[in-house]
Amino acid sequence: MSNYSLKLELPWVEKYRPQVLKDIVGNQETIERLKLIAENGNMPHLIISGLPGIGKTTSIHCLAHELLGKHYNDATLELNASDDRGIDIVRNKIKQFAQKKVQLPQGRHKIIILDEADSMTPGAQQALRRTMEIYSNSTRFAFACNQSNKIIEPLQSRCAILRYGKLQDEEVLKRLLEILKLEDVKFSNDGLEALIFTAEGDMRQAINNLQSTNSGFGFVNGENVFKIVDSPHPLIIKRILLNCINQNFDDSLQLLNELWTKGYSAIDIASTSFKVVKNMNEITESKRLEIMKEIGITHMRVLEGVGSYLQLNGMLARISEIK
């Protein structure tokens, strides 16, 4: 089988993964700083933190490609959360790679990429301190993590910290439209809205949901997207909330019961309710905040393990009482 046909079979999230920094969507200010590093060639130790699916690991790989060029494969080591990353790995695999001699252009360094670095054990992080200092002339470290506060202070002080924000809806939409055109996907506007709504700024989630919907149904519309992501339709949630606000409590309970009978969990219903309320312009901001507070309390109780139908009934009852 040719390389070309293998490439066609890649998941779209890999097929359309950016290869250079200028192709990365969102966080332009931070990307500009990485472009300057790529131009100067002197990369510091880096920590990139932010939500999942917004381009942290991709940014590091793009930076490594631009810094190392044809030497990328020989001069880059990537360890993911799926690898064992205890003290033994730091002492052996990472140290051996740091000691390895690689012929690189003047001013370039080998790069060790530690993805999901916040899941490394504190002991392994402590063991990295000395390695980073001893081999800093030849090797630089890049950490990608969801929460930078899970990285121990001594490592944070050795690194430049870059924080990535959630991607804007317009940025996600722009990339989705490019993929739709390249893959010749049939879609409707409500399908795009559903992809953006369910992704919540996570580009990887948006592209995966797009491919799954296209593969499963051959047409990307709102109804098909919500079937794929198995999340309650926001229009039904909106009707439930509006019925509560308008004191039609029985109608709200009937709609809620229909969702519950279909198998949606309390966490699905509570989290979708929260996202829907944020964009409800039919009510005043102060009332929106009150409703979000009640949903938040229910969400917390559900996460603590009380994920019952009764909790959702109580949430709707409290929303109905908000004046």
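Structure's up top.
Report on the accompanying structure. (Residues numbered from 1 in each chain as written. Predicted model: local features only at pLDDT ≥ 70, side-chain atom pairs only at ≥ 80, totals over all residues. Heavy atoms only, no water.)

Some thoughts on the overall build of the protein chain
Looking only at helices and strands, the protein chain has 17 helices and five strands in total. Taking the principal axes of its C-alpha atoms as reference, the protein chain extends roughly 75 × 45 × 35 Å. Among the 323 residues that make up the protein chain, the fraction classed as buried is 47%. Considering only contacts within the protein chain whose residues lie at least 6 apart along the sequence, 73% involve residues at least 24 apart. Total accessible area on the protein chain is roughly 16900 Å²; 49% of this is exposed by carbon and sulfur atoms. Charged side chains of the protein chain number 40 positive and 39 negative; the gap between the two group centres comes to 7 Å. (Helix = DSSP H or I, 4+ residues; strand = E, 2+ residues; numbered from the N terminus. Buried < 20%, exposed > 50% of the residue type's maximum accessible area, 1.4 Å probe, protein only. Contact = heavy atoms within 4.5 Å. Areas by Shrake-Rupley, 256 points an atom, 1.4 Å probe, with all protein chains shown as cover. Lys, Arg positive; Asp, Glu negative; His and termini not counted. Charge placed at Lys NZ, Arg CZ, Asp CG, Glu CD.)

Notes on the layout of surface pockets
Each pocket or cavity is described by its volume, and for the largest pocket that value is around 690 Å³. Taken together, 23 residues line the largest pocket, and the ones lying closest to its centre are Glu193, Phe197, Pro234, Lys275 and Asn279. Looking at the lining of the largest pocket, the elements that each hand over two or more residues are helix H9 (169–183), helix H10 (189–199), helix H12 (222–229), helix H13 (234–245) and helix H15 (266–278). Among the elements that take part in the lining of the largest pocket, H10 stands out by supplying five residues, more than any other. In terms of residue class, the lining of the largest pocket is built from ten nonpolar, four polar and nine charged. In this structure, the second largest pocket encloses a volume near 400 Å³. Lining of the second largest pocket is provided by 21 residues; of these, Arg17, Gly53, Ile54, Gly55 and Thr58 occupy positions nearest its centre. Mapped onto the lining of the second largest pocket, the elements with two or more residues apiece are helix H4 (56–68) and helix H11 (203–217). Its residues assigned to classes, the lining of the second largest pocket shows ten nonpolar, five polar and six charged. (1 Å grid on protein atoms, 1.4 Å probe; cavity = no way out; pocket = protein on both sides within 12 Å on 5 of 7 lines; lining within 4 Å. Points joined across faces, edges and corners; volume = space filled by probe spheres on them. Nonpolar A, V, L, I, M, F, W, Y, C, P; charged D, E, K, R; others polar.)

Some remarks on the nonpolar core
By size, the foremost hydrophobic cluster in this structure holds 72 residues, and its most contacted members are Leu34, Leu63 and Leu176. Beyond its immediate sequence surroundings of up to four residues, Leu34 is in contact with Leu21, Leu46, Ser59, Leu63, Leu162 and Tyr164. By size, the runner-up hydrophobic cluster in this structure holds 21 residues, among which are Phe97, Leu114, Cys145 and Leu155. (Core = buried A, V, L, I, M, F, W, Y, C linked by side-chain atoms within 4.5 Å.)

Topic: the packing of aromatic side chains
Overall, the coordinates contain three aromatic pairs when judged by the stated rule. Their ring planes at 15° and their centres at 6.2 Å tell us that Phe141 and Phe143 sit as a pair that is stacked. A single burial state applies to Phe141 and to Phe143, both of which are buried. Look at Phe197 and Phe226: their rings are 6.3 Å apart centre to centre, the planes differ by 65°, and that puts the pair in the edge-to-face class. On the criterion of sequence distance, the pair formed by Phe197 in helix H10 and Phe226 in helix H12 is long-range, its members being 29 residues apart. In terms of burial, Phe197 and Phe226 fall into one category: buried. The aromatic ring of Phe97 is capped on one face by Lys110, whose charged end is 5.6 Å from the ring centroid. (Phe/Tyr/Trp six-rings, centres within 6.5 Å; stacked < 30°, edge-to-face > 60°. Lys NZ or Arg CZ within 6 Å of the ring centre and 35° of its normal.)

Regarding the pairing of strand E4 (residues 139–145)
Of all seven residues that make up E4, seven are buried, and the element is covered over most of its length. As defined by bridge partners, strand E3 (residues 110–114) adjoins E4 across five bridges and the pair is classed as parallel. Residue Ile111 lies in a different strand from E4, and its bridge partner there is Arg140. Crossover E3 to E4 through helix H7 (residues 122–134) is right-handed. (Pairing = 2+ DSSP bridges. Right-handed = clockwise from strand over helix to strand, strands pointing away.)

Points about unusual backbone geometry
Look at Asn27: it is not a glycine, yet its phi comes out positive at around 50°. With respect to the secondary-structure elements, Asn27 resides in the loop between helix H2 (12–15) and helix H3 (28–40). Despite not being glycine, Gln247 shows a phi value in the positive range, around 65°. Looking at the secondary structure, you find Gln247 in the loop between H13 and helix H14 (249–261). Relative accessible area serves as the criterion here: at 49%, Gln247 is assigned to the partly exposed category.

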